[in-house]
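Chain by chain, the residues:
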Amino acid sequence: MLKYSIIKEPSQKSWNSFLSRLTEGNFEQCYEYGEISKLAFPRTNVARLALIEHEKLIGIIQATYSSYFGFGMTLSAMRAPVIDTEASDRFNAAKALLEALEQHAKDERIIEARILVPEEWGLYKAFSSLNYKPVEAFNEYIVSLKGGAEQLWKRISHNKRRNIKKAMKAGVEVFESRDPKDLLTFYSMLKAAEKRGGFSSYPLTWFEAVWKIYKPELSRVFLARWNGKEVSGVFTVIHGKKVYALAAGSFKEGWKARSNDIMHWKVMEWACERGFAEYYMGLVSDPPPSQNSSSWGVWRWKREWRGNLRKLLVFEKTFLPRYKFVLKMKQAFQKSYEALKRLI
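Okay, so let's go over this structure. This is a predicted model, so every value here is computed, not measured. (Residues numbered from 1 in each chain as written. Predicted model: local features only at pLDDT ≥ 70, side-chain atom pairs only at ≥ 80, totals over all residues. Heavy atoms only, no water.)

A closer look at the overall build of the chain
Applied cut-off: Here a helix means four or more residues in a row that DSSP labels H or I, a strand means two or more in a row labelled E, and each is numbered from the N terminus. For a compact globule the rule gives 2.2 Å times the number of residues to the power 0.38, and the radius of gyration it is set against comes from C-alpha atoms. The contact definition used throughout considers only heavy atoms, calling two residues in contact when any of these lie within 4.5 Å. A 1.4 Å probe and the Shrake-Rupley method give the accessible areas. Residues count as covered only by the protein chains that appear here. Charged residues are defined here as Lys and Arg on the positive side and Asp and Glu on the negative side; His and the ends of the chain fall outside this count. Lys charges are placed at NZ, Arg charges at CZ, Asp charges at CG and Glu charges at CD.
Scanning the chain from terminus to terminus reveals eleven helices and 13 strands. Here the C-alpha radius of gyration of the chain, 21 Å, is about what a compact globule of 344 residues would show, namely 20 Å. Taken along the three principal axes of its C-alpha coordinates, the chain extends 65 × 50 × 40 Å. Within the chain, contacts between residues at least 6 apart in sequence are counted, and of these 73% link residues at least 24 apart. When the accessible area of the chain is evaluated, it comes to approximately 17,100 Å², of which 52% is carbon and sulfur surface. Charge centroids of the chain, computed over 56 positive and 37 negative side chains, lie 6 Å from each other.

Comments concerning helix H10 (residues 296-303)
Put simply, the rule is: Each residue is placed in one exposure class: buried if its accessible area under a 1.4 Å probe, protein chains only, is under 20% of its type's maximum, exposed if it is over 50%, and partly exposed if it falls in between. What the arc measures is the spread of directions leading from the helix axis to the C-beta atoms.
Those residues of H10 not exposed but buried are Trp296, Trp299 and Lys302. Projection of H10 onto a plane perpendicular to its axis shows the buried side chains occupying an angular sector of 130°, all on one side. Tucked into the core, H10 has its buried residues touching strand S7 (133-144), strand S12 (278-285) and strand S13 (308-318).

Some thoughts on the pairing of strand S3 (residues 56-68)
We count it as follows: Paired strands, in this sense, are two strands between which DSSP finds at least two bridges.
Most of S3 is tucked away, with ten of its 13 residues classed as buried. Across ten bridges, strand S2 (residues 44-53) lies against S3 in antiparallel orientation. Across the sheet, the residue bridging to Leu51 is Gly59, located in S3. Sheet topology note: the S3/strand S5 (residues 82-83) ladder contains two bridges and is antiparallel. Within S5, the residue paired with Gly59 across the bridge is Ile83. Two elements, S3 and strand S4 (residues 71-78), share three bridges in a ladder whose sense is antiparallel. Across the sheet, the residue bridging to Thr64 is Ser76, located in S4. Hairpin connection of S3 to S4: two residues between the antiparallel strands, including Phe69 at a positive phi of 55°.

Regarding the nonpolar core
What counts is decided by this rule: By nonpolar core we mean a set of buried residues, namely Ala, Val, Leu, Ile, Met, Phe, Trp, Tyr and Cys, connected to one another through side-chain atoms within 4.5 Å.
Core analysis: the biggest nonpolar cluster contains 36 residues, and Phe27, Phe186, Trp206, Phe207 and Phe235 have the highest contact counts within it. Among the elements that take part in this core, helix H8 (residues 204-213) stands out by supplying six residues, more than any other. Phe186 has contacts with Phe207, Val221, Leu223, Gly233, Val234, Phe235, Ala247, Ala248 and Gly249, leaving out every residue within four places of it along the chain. Counting 34 residues, the second-largest nonpolar core is a separate cluster that includes Leu49, Ala126, Leu130 and Phe315.

Observations concerning the layout of surface pockets
Spelled out, the test is: Buriedness for pockets is judged along seven lines, at least five of which must meet protein on both sides within 12 Å for an open set on the 1 Å grid over protein atoms alone, while cavities are sets there where a 1.4 Å probe fits but cannot get out, and lining residues have an atom within 4 Å of a point. Grid points are joined across faces, edges and corners, and a volume is the space filled by probe spheres set on the points. Residue polarity is assigned by list, with Asp, Glu, Lys and Arg as charged and Ala, Val, Leu, Ile, Met, Phe, Trp, Tyr, Cys and Pro as nonpolar; anything else, Gly included, falls into the polar class.
Each pocket or cavity is described by its volume, and for the second largest pocket that value is around 380 Å³. Leu22, Thr23, Pro118, Glu120 and Trp121 are the residues nearest the centre of the second largest pocket, which is lined by 17 residues in total. Within the lining of the second largest pocket, the residues separate by chemical class into five nonpolar, four polar and eight charged.

A closer look at the packing of aromatic side chains
We count it as follows: Whether two aromatic rings pair depends on their centres lying within 6.5 Å, for rings of Phe, Tyr and Trp, where Trp uses its six-membered ring; planes under 30 degrees apart make the pair stacked, over 60 edge-to-face, and the rest tilted. Over a ring means this: the NZ of a Lys or the CZ of an Arg is within 6 Å of the ring centre and within 35 degrees of the ring normal.
On inspection of all chains with the given rule, the structure shows 23 aromatic pairs. The interplanar angle of 10° and the centroid separation of 4.3 Å between the aromatic rings of Phe127 and Phe315 together place this pair among those described as stacked. Here Phe315 lies in strand S13 and Phe127 lies in helix H4 (residues 124-128), a separation of 188 residues in the sequence. For Phe315, a relative accessible area of 0% gives the class buried. Consider the rings of Trp301 and Trp305, whose centres lie 6.1 Å apart with planes at 80°: the pair is edge-to-face. For Trp305, a relative accessible area of 0% corresponds to the buried category. Of the aromatic side chains, those joined through ring pairs into one cluster are Phe186, Tyr187, Tyr202, Trp206, Phe207, Trp211 and Phe235. In this structure, Arg178 is placed above the aromatic ring of Trp211, and the distance from its NZ or CZ to the ring centre is 4.5 Å. Above the plane of the ring of Phe251 lies Lys229, whose end atom (NZ or CZ) is 5.0 Å from the centre.

Some details on the pattern of salt bridges
The criterion, for reference: Every case where a carboxyl oxygen of Asp or Glu lies within 4 Å of a side-chain nitrogen of Lys or Arg is listed as a salt bridge.
Enumeration over the complete set of coordinates arrives at 26 salt bridges. For the salt bridge of Arg48 with Glu35, the shortest nitrogen-to-oxygen distance reads 2.7 Å. With Arg48 in strand S2 and Glu35 in helix H2 (residues 31-40), this pair connects stretches of sequence that are 13 residues apart. Taking relative accessible area as the criterion, Arg48 reaches 2% and is therefore assigned buried. Across the pair Arg114 and Glu136 runs a salt bridge, and its minimum N-O distance is 2.6 Å. Taken as a pair, Arg114 in strand S6 (residues 110-118) and Glu136 in strand S7 lie far apart in primary sequence, 22 residues in all. With relative accessibility at 23%, the residue Arg114 sits in the partly exposed group. Overall, the relative accessible area of 34% leaves Glu136 in the partly exposed class. Here the salt bridges do not stand alone but share partners, grouping Glu9, Glu35, Lys38 and Arg48 into one network.

None of the figures reported here should be taken as evidence of function without further support.
Encoded structure:
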């Protein structure tokens, strides 16, 4: 550890410059993501730590947590820690950042940590050496855009091509927008999807925060219109060479015209024309849903895009075991609040 030094809250310029050199896209680790989280959720705090070796920045980790009752709740990080691929000792570099994060947690009375890290980064031993426990895994679903729209069209399934053609024949139109009215339209579609699927996504304040803080050219909604009405929508952000479909929703009346299929196709086509390399379509369970599971329909629809699964390992560690009850109190309060909102 002596050969490393830690910088808390490095500049936005140095942070994003380092991140852009190492990944084709890692939105949740960009500097703006932390600022978006703070604006969208007033109780949110951000921990940003940079690792320095011989005056060179070689690693970063950004994590968020909320504060209640004088404690920090769950310290969460996605695709972290990010270590320079040319670092001479990636194991100890990652370990040093995790140790610094743990010290920050102790200073701020944070109860636990939950960190998602790509399996392909090879950082399992760094986590296990500090007694982090692997509790579960997910898969990111990524569609490669390399080769352009023509090659992508050939790769997707025959059924997907047929459905896109059906939507074209039905006259479904897709357009992009930064209009706040269209953001509200998209959000109404997302809420409809949440109600049908029994899941929760981001609140409206989060999408509004993205549009306020993130560069305008790096975020927009795409909407599909059929018979004069918007029926499907997706909220996208760009980081590096990757386009993220962060949330999507639809109204049932557009399903028979295959509005979801053509909407995502048009976003991918748009991304190909601008030289982006990947299209992120969210998380998939590990292993992927089986044919008889409740998630099978969504997975069957998604896999027709012929994307790739990239495993994320989920590590957890409790720093203050005596105060886990505080976290449970907060979770119970939040669950009751969400249930009340659904009744209003």
